[in-house]
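Listed below, chain by chain, are the residues.
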Amino acid sequence: RWMYYHLLDGDWASNSISWQWVAGAASRKKYFANQENMDRYFYTKQRGTFLDVEYSDFDSMEIPHELRKTEVPVLDTRLPNSNGLNIERSIPTLIYNSYNLDPNWNSSVKANRILLLEPSQFEKYPVSQKVIGFLLALAKNIDGIQVFVGEFDELIEKYVPIDIYYKEHPLNHHYAGTEEGREWMFPVSGYFPSFFGYWKKCERTLSGSQGSLAF
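I will try to describe carefully the structure that is included in this document. Sequence positions are assigned chain by chain, starting from 1 and proceeding in written order. Where totals are concerned, whole chains, interfaces and linings use all residues; where local detail is concerned, this predicted model gives features only for residues with pLDDT of at least 70, and gives and counts side-chain atom pairs only at 80 or more. Hydrogens and water molecules were not included; the side-chain quantities draw on all heavy atoms of the structure.

1. A short note on the overall build of the chain
Step number 1: In terms of regular secondary structure, the chain is built from seven helices and five strands.
Step number 2: Counted from the first residue to the last, the chain has its helices and strands arranged as α-α-α-β-β-α-α-β-α-β-β-α.
Step number 3: Using C-alpha atoms as the atom set, the radius of gyration is obtained and then compared with a globule rule of 2.2 Å times the number of residues to the power 0.38. Since a compact globule built from 215 residues should have a radius of gyration of about 17 Å, the 23 Å found for the chain marks it as more spread out than a globular shape.
Step number 4: With respect to the three principal axes, the spread of C-alpha positions in the chain is 70 × 50 × 30 Å.
Step number 5: For the chain, the proportion of contacts with a sequence separation of at least 24, taken over those separated by at least 6, is 56%. Note on conventions: DSSP H or I runs of at least 4 residues are helices, E runs of at least 2 residues are strands, and numbering of each starts at the N terminus. Contact between two residues is taken to exist if any of their heavy atoms lie within 4.5 Å; hydrogens are not considered.

As structure tokens, this is what we get:
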């Protein structure tokens, strides 16, 4: 939660398991960052730190003094004020959010463009003010976009837009309207018991396109 709070481009749906995997919390394989590896990959020459131990010593070592004091960070989000919207009901309405700020999405269509910032989402998954500033700055690339701070149902009840469109994401299943799919790096589907099983199939699509990626 702390990492997500600070990452400008964090996506809880796609990042959480990878973070747990790297931390060794969602894998049978434990990852130990001892000083030798730190020096090797960061091109440093530190010695005598609490990480300067052999891998075999990690299982039996006590918690280092430097790590005994813990803090519970206060993670909250201050959302901007929401001004009144100018909705033209004769044209469709496109709903953007923190996971979709694509300026090319239906850019040729005349539409109401609303950046929806739902307090319930940010209460459950808070982000820093730098992240909010980053989102609002990206939104400026979308011509004519307006910001609404409130829940999806509140937006619908207050402004009654028609022909609502939005992009699929695990955190907006409560939206109503026409759902459009997200773009995928690889046209690969199915169940894969491991990442490498999935990646091997992705590699075949890469070789078939001479290594080029289509987004």
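2. Thoughts on the pairing of strand β4 (residues 164-167)
Step number 1: For two strands to be treated as a pair, DSSP must find no fewer than two bridges joining them. Relative to β4, strand β1 (residues 93-96) runs parallel, the two sharing three bridges. If you follow L94 over to β4, its bridge partner there is Y165.
Step number 2: For β4 and strand β5 (residues 178-180), the ladder comprises three bridges, and the chain directions are parallel. Paired with K167 across the strands is E180, a residue of β5.

3. Some remarks on the nonpolar core
Step number 1: As used in this record, nonpolar core signifies buried Ala, Val, Leu, Ile, Met, Phe, Trp, Tyr and Cys residues forming a set joined through side-chain atoms within 4.5 Å. Only protein chains enter the accessibility calculation, which uses a 1.4 Å probe; a residue whose area is less than 20% of its type maximum is buried, one above 50% is exposed, and one in between is partly exposed. The biggest cluster of nonpolar side chains holds 19 residues, and the ones touching the most others in it are Y96, L101, L115, V127 and I145.
Step number 2: Those elements giving two or more residues to this core turn out to be β1, β2 (112-117) and α5 (129-139).
Step number 3: Among the elements that line this core, the one with the most residues is α5, at four residues.
Step number 4: Not counting residues up to four positions away in its chain, the partners in contact with L115 are Y96, N97, L101, L136, A139, I145, Q146, V147 and F148.
Step number 5: Residues L85, L155, Y166 and Y175 belong to the second largest nonpolar core, which totals twelve residues.

4. Quick notes on the packing of aromatic side chains
Step number 1: Ring geometry is summarised as follows: Phe, Tyr and Trp rings, the Trp one being its six-membered ring, pair when their centres sit within 6.5 Å, and such pairs are stacked at plane angles under 30 degrees, edge-to-face over 60 and tilted between the two. Scanning the entire structure with this criterion turns up eight aromatic pairs.
Step number 2: Plain terms: the ring middles of F148 and Y159 are 6.1 Å apart, the flat faces sit at 90° to each other, and that makes the pair edge-to-face. Remark: Y159 occurs in helix α6 (residues 152-159) and F148 occurs in strand β3 (residues 146-149); sequence separation between them is eleven residues.
Step number 3: Residue Y159 is classed as buried on the basis of its relative accessible area of 15%.
Step number 4: Among the aromatic residues, ring-to-ring pairing joins F152, Y166 and Y175 into one connected group.

5. Re the sheet that holds β3
Step number 1: Here five strands make up an open sheet; going across it, the order is β3-β2-β1-β4-β5 and the pairing parallel. Where the open sheet ends on each side, the last strands, each with one partner, are β3 and β5. In this sheet, neighbouring strand axes are inclined to one another by 30° on average, regardless of whether the strands run parallel or antiparallel.
Step number 2: Where β1 meets β2, four bridges bridge the pair, whose relative direction is parallel. If you follow L94 over to β2, its bridge partner there is R113.
Step number 3: Working convention: axes come from line fits to C-alpha atoms, limited for helices to the stretch in contact. Angles between N-to-C directions cover 0 to 180 degrees. Along the sheet, α6 makes contact with β1, β2, β3 and β4, crossing β3 at roughly 115°.

6. Points about the environment of R204
Step number 1: Mapped onto the fold, R204 is located in helix α7 (residues 195-208).
Step number 2: For R204, a relative accessible area of 55% corresponds to the exposed category.
Step number 3: Sequence separation between R204 and V188 is 16 residues; the distance between their C-alpha atoms is 10.0 Å.

7. A few points about the pattern of salt bridges
Step number 1: Think of a salt bridge as a Lys or Arg side-chain nitrogen and an Asp or Glu carboxyl oxygen that are within 4 Å of each other. Throughout the structure, instances matching the rule amount to seven salt bridges.
Step number 2: Put simply, E62 and R68 hold a salt bridge, and the shortest N to O gap is 3.7 Å. Like E62, the residue R68 is exposed in the burial classification.
Step number 3: What you see here is one network of salt bridges that share partners, running through D102, K167 and E183.

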